[in-house]
Amino acid sequence: MRWRDTFRSGFEAILGHGLRSLLTILGIMIGIAAVILTVGLGQGAQSTVNSAISALGSNLLVVTPGSTTGSGGVRGGFGSASTLTLADANALGSKRVAPNVIAVAPQAETVEVLTAGSSNWTTSVVGSTASWAEVRDRQLQEGGFFTRQQVSGADDVAVLGSTTASELFGAKSPIDQTVTVNGVVLTVIGELTSAGSSGSTNLDDMAIVPITTTQQQLFTGTFATSVSTIYCEANSSSGLSGAYQEIDDELLAAHHIAQPSEADFTITSQTTIASTANSVNRTLTDLLAGIAGISLLVGGIGVMNIMLVSVTERVREIGLRKALGAPPTDIRRQFLVEASSLGLLGGIGGVLAGLLGTVILPHLQSNPVTISPLATAVAIVVAIAIGLVFGVYPATRAARLSPIDALRSE
Amino acid sequence: MAAGSADSVAVDLAVDDMSEPTGRVPRVEGGEPTGRIPRVDVDGDPTLAVRSPVIDMKHLWKTYRPGSLAVHALRGVTLNVDRGEFVAVMGPSGSGKSTLMHIMGCLDIPTSGTYELSGEDVSEMSENSLAHIRNREIGFVFQQYNLLPRLTAWRNVELPLMYARVPAPERRRRALASLQQVGLAERVDHRPTELSGGQQQRVALARALVTNPALLLADEPTGNLDTASALEILGLLQDLHRSGRTVVLITHEPDVAAVAGRVLRIRDGQIDSEEVAA
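Enquirer: Which parts of the structure should I look at to understand the interface of chain B and chain A?
Expert: Note: interface size is frequently given as the accessible area lost on complex formation between the parts. Across the contact, 19 residues belong to chain B and 18 residues belong to chain A. Listing elements by their share of the side of chain B that touches chain A, those giving two or more residues are helix H3 (127-137) and helix H4 (153-163) of chain B. Per-element tally for the side of chain B that touches chain A: the top contributor is H3 of chain B, with 6 residues. Its residues assigned to classes, the side of chain B that touches chain A comprises 9 nonpolar, 5 polar and 5 charged.

Structure, rendered in structure tokens:
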């Protein structure tokens, strides 16, 4: 039989059993739509995580103190990890030491009670330098950030996060108001634009004070001498690894550590954070896609089941076609075309349902859904392949039917 | 009913100079296990050399082994059907009639013996070659009509041409011509359910004719029809025979067999007797 006639016979058979074909197609359709949507959700979540991480600031390297082992082999207990100092941060800020680092923002923070008039609010007080806003990629909603001069002068000024400001001053503008921390009166000179939360940290609930002020007047003990984090901004994404190396070398030298494995600090880049987050995401996506894949498999078994029913039901027709001169290859091909057409229709339906899902889903949950044209094309090919694979057995059974037995059956 | 076969009888009588006054011609050699039927040497007939047989079966055996026991459906059947002959095969159920028809129609192959169809040995052919032979050389008419219910009359008729890979326009042309030949030119776009039993069987006949086969093989073609429709179909078969077609009719009804020029009776897997219509 010619291919054109084979396709025509296949489609006529599908149309001839409208409801049955529709249900079979539905099985494949749901599977394909599920795969497309879970993969799309995964990709959407990945891009959300990536944008959240890049919101931390661009080309950022984060230096944090690590747990240390002392010179006598005694492992440090609590507080031993406060190994980073303002001096470290200042050294990294030098163009000569770290040419790839364009800005450094050390951060020392403790939780303190802020008082303004009759209201008070407990929040984290962050001591940092003038480059904090740039390095952390934060904007000011009102007022300005403290300057290099204000830092070197250890001025009694503060910049508040939007949550902190509204808790202390309500709807009033906090600019030029004063807050009292540990008996020190600070003048509010700016309010940060809201940035939401990163992980469990509320980025809008904090007070940023020049680090000199925190060290000299606000903090006591190790908090007064060490910093908890040093944020370093590299000049470009390609300079990131160079900056990493420079920071690592400088800090190892400054801390007199000969073996890099004994370093008392950790340098993390956004890329490592992003890749960790993405690998978690990918695992979840793979899991969901696996479950969706199982539903696709069930759809495929549905096709096989229907094709077997179709072969059994059409035994007489097969016998007749054979008697009229259809060779086994033609019979097999006809059923394969029928099965793969069911797969194709299911695939197209699944892609349409998936596209509909991308319109509806974002209204039901916060994550965006991204569908790539490649995934769509692959889904349709997979659907046809499923029809073909699960059609082989029924088609072979049809082709092997003896025309005599087939014609004799009722 | 038998009037139409007069000319074929004349031919048969002219050829069969061994025919007895009773019309019973035991010319078939079939008694290998029992030796019940007297052996007649057909090859000795000088006229057979010039005639081209459509069917030439020699010593056909068909043995089924459903279990450990062998069942002989055919026990050495030898028979010839010449071009343009109208032959009826009669026999009760279980006689081997169906098996003979299956082998004759190339739906099955014999266990032993040779079968030449239009001069081609088909007794050991592969399934694919048999399909090709069926498509080209044989037109089937079944008791159940076996039309595809979803297809219109002409699309049912074009089916064998599809397997012969004939282009679509020619298929339609030939299907319509074939339907006209059986008097259904007005019903080409009707589905089988919209046609009477007789009309359905005529569509089946048109389908059998459309490939212009060497042999028209009709298996109980009137079994499901009322008398009037049955007469119609038998008339058509006679017309086709008169126009030169070779027809083999398988039936258990003597009335039906009577339209044929020659009647073969089969019993216990052997040709029991042969009779030329008066």
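The rest of the description comes next.
Enquirer: Looking at this model, I keep getting lost on the environment of Thr114 of chain B. Mind explaining?
Expert: Residues and elements named next belong to chain B. As for its position among the elements, Thr114 is in strand E4 (residues 112-117). Residues Thr114 and Thr78, spaced 36 residues apart in sequence, show a C-alpha to C-alpha distance of 9.1 Å. Residues in contact with Thr114, not counting those within four places in the same chain, are Lys58, Asp121 and Ser123.

Enquirer: What's the story with helix H2 (residues 97-104) of chain B in this structure? I'm lost.
Expert: Residues spaced three or four apart along an α-helix face the same direction, because each turn holds 3.6 residues. Residue and element names in this part refer to chain B. Most of H2 is tucked away: 7 of the 8 residues are buried. Within the sequence span of H2, burial applies to Lys97, Thr99, Leu100, Met101, His102, Ile103 and Met104. With its phi angle positive at about 60 degrees, Cys106 sits one or two positions after the end of H2.

Enquirer: Even after reading the chapter, I still don't get the sheet that holds strand E8 (residues 247-251) of chain B, so can you show me in this structure?
Expert: Across a sheet, strands are paired by hydrogen bonds formed along the backbone, either parallel or antiparallel in direction. Residue and element names in this part refer to chain B. Across the sheet, which stays open at both edges, the 6 strands sit in the order E6-E7-E8-E3-E9-E10 with mixed pairing between neighbours. At either end of the open sheet lies a strand with only one pairing partner, and these are strand E6 (138-141) and strand E10 (270-276). Adjacent strand axes in the sheet meet at a mean angle of 20 degrees, parallel and antiparallel pairs treated alike. Pairing geometry for strand E3 (residues 86-90) and E8, over 5 bridges, is parallel.

Enquirer: Honestly, the sheet that holds strand E1 (residues 53-64) of chain B in this entry has me stumped. Any pointers?
Expert: All names here are of chain B. What the 4 strands build is an open sheet, ordered E2-E1-E4-E5; its pairing is antiparallel. The open sheet has two free edges, formed respectively by strand E2 (71-82) and strand E5 (120-121), since each of these has just one partner strand. Where E1 lies against E4, 5 bridges are found, and the strand directions are antiparallel. Following the sheet pairing, Lys58 is matched in E4 by Thr114.

Parameters at a glance
Residues numbered from 1 in each chain as written. Chains lettered and ligands numbered in written order. Predicted model: local features only at pLDDT ≥ 70, side-chain atom pairs only at ≥ 80, totals over all residues. Contact = placed C-beta atoms within 7 Å. Helix = DSSP H or I, 4+ residues; strand = E, 2+ residues; numbered from the N terminus. Nonpolar A, V, L, I, M, F, W, Y, C, P; charged D, E, K, R; others polar. Buried ≥ 20, exposed ≤ 12 C-beta atoms within 10 Å, placed from the backbone. Pairing = 2+ DSSP bridges. Axes fitted to C-alpha atoms, helices over the stretch in contact; angles between N-to-C directions.

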